[in-house]
Amino acid sequence: MIYIMSDIHGQYNRFKNLLHQLNLQNEDKLYILGDVVDRGPHPMKILQYMMKHQNIIHIIGNHEVMALPNLKLLVPEISKDFLQGLSPEEYQNFAQWTLTGGTDTIQDFRKLPIEERRQIVEYIESFRPYGKETINGQEYWLVHAGLDEFSETKALEEYTVDELVWTRIDYEIPYFEDIIVVSGHTPTQKILGNSNPGFIFRANNHIAIDCGAAKQSGRLAAICLDTGAEYYAEV
Ligand SMILES: [Mn+2]
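Quick caveat, the model's predicted, so the values are computed rather than measured.

S.K.: How would you sum up the environment of asparagine 26? Please name residues and give values.
M.R.: With respect to the helices, strands and loops of the structure, asparagine 26 is situated in the loop between helix H1 (12–22) and strand S2 (29–32). For asparagine 26 and isoleucine 173, which are 147 residues apart along the polypeptide, the C-alpha to C-alpha distance reads 36 Å.

Structure (structure tokens):
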């Protein structure tokens, strides 16, 4: 079976709750479509769990894109004058990241011994830009946010990471007639005209699975592509 989750945002309890429901077997695969970090308290426990499980496939989100260069800077012990040692560009990236939820990630990261911090950085560096699966003859493209600079003739391999992690999909318009695009990034609470906000959205050859786990009022979702079954964790 192939399962997909997205936008866990440091919510380790919801993650464990959902894993318990999925009861993953060694031959199953779980794709996580990015934004494991930021805005929630325990991203490191989630990443360390993912690292230990070969059948969990990590796809990059915009929050990993923002976090990675900053986490690299934070691997050594941080002194009081850390910020003064940054170049203007590094400083700007750092400030931007802390404004979009990075502070939770920093606090969690700093609790780790240096060797474990290195492992986390290496693991995030290995995140893939996208996934692709064909199940029962149906092709699925798995991306964090969508397909920016879309063209029907453009192969998935041709998209840059930035094109895959930042865009906001218009879910009323299908990308393809024959390929279903699975994405996170935009909570289904924010999809215009969605009759079931906060749950998995499926229409127009889109499956949107970010159900707003970063917020107390939201939930973490998973879908099984083989059966179509949906799973939710609210606590
Ligand atoms: Mn995102």
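There is more to say after this.
S.K.: Mind laying out the packing of aromatic side chains, listing which residues take part and the relevant values?
M.R.: The tally for this structure, following the rule as stated, stands at 10 aromatic pairs. Plain terms: the ring middles of phenylalanine 150 and phenylalanine 176 are 5.3 Å apart, the flat faces sit at 75° to each other, and that makes the pair edge-to-face. Here the residue phenylalanine 150 occupies a position in the loop between strand S5 (138–143) and helix H6 (161–165), and phenylalanine 176 occupies one in the loop between H6 and strand S6 (179–183), the gap between them amounting to 26 residues. On the basis of an interplanar angle of 75° and a centroid distance of 5.1 Å, the ring pair of phenylalanine 199 and tyrosine 232 is categorised as edge-to-face. With phenylalanine 199 in the loop between S6 and strand S7 (201–203) and tyrosine 232 in strand S10 (residues 230–233), this residue pair connects regions lying 33 residues apart in the sequence. Through pairs of rings, three or more aromatic residues link up here, namely Trp141, Phe150, Tyr175 and Phe176.

S.K.: With reference to specific residues and values, describe the coordination of the manganese ion.
M.R.: Six octahedrally arranged donors around a metal ideally form angles of 90 or 180 degrees; four tetrahedrally arranged donors ideally form angles of 109.5 degrees. In this structure, Asp35 (OD), Asn62 (OD1), His144 (NE2) and His185 (ND1) serve as the protein donors to the manganese ion, at separations of 2.1 to 2.2 Å. We note that the donor set of the manganese ion lies within a single chain, spaced as D-x26-N-x81-H-x40-H. A residue pair is termed long-range when its members are at least 10 positions apart, and aspartate 35 in the loop between S2 and helix H2 (43–51) and asparagine 62 in helix H3 (residues 62–73) qualify at 27 residues. Here aspartate 35 falls in the buried class, since its relative accessible area comes to 2%.

What counts and what doesn't
- Residues numbered from 1 in each chain as written.
- Predicted model: local features only at pLDDT ≥ 70, side-chain atom pairs only at ≥ 80, totals over all residues.
- Heavy atoms only, no water.
- Helix = DSSP H or I, 4+ residues; strand = E, 2+ residues; numbered from the N terminus.
- Phe/Tyr/Trp six-rings, centres within 6.5 Å; stacked < 30°, edge-to-face > 60°.
- Donors = N, O, S within 2.8 Å, 3.2 Å for Na, K, Ca; no water.
- Buried < 20%, exposed > 50% of the residue type's maximum accessible area, 1.4 Å probe, protein only.

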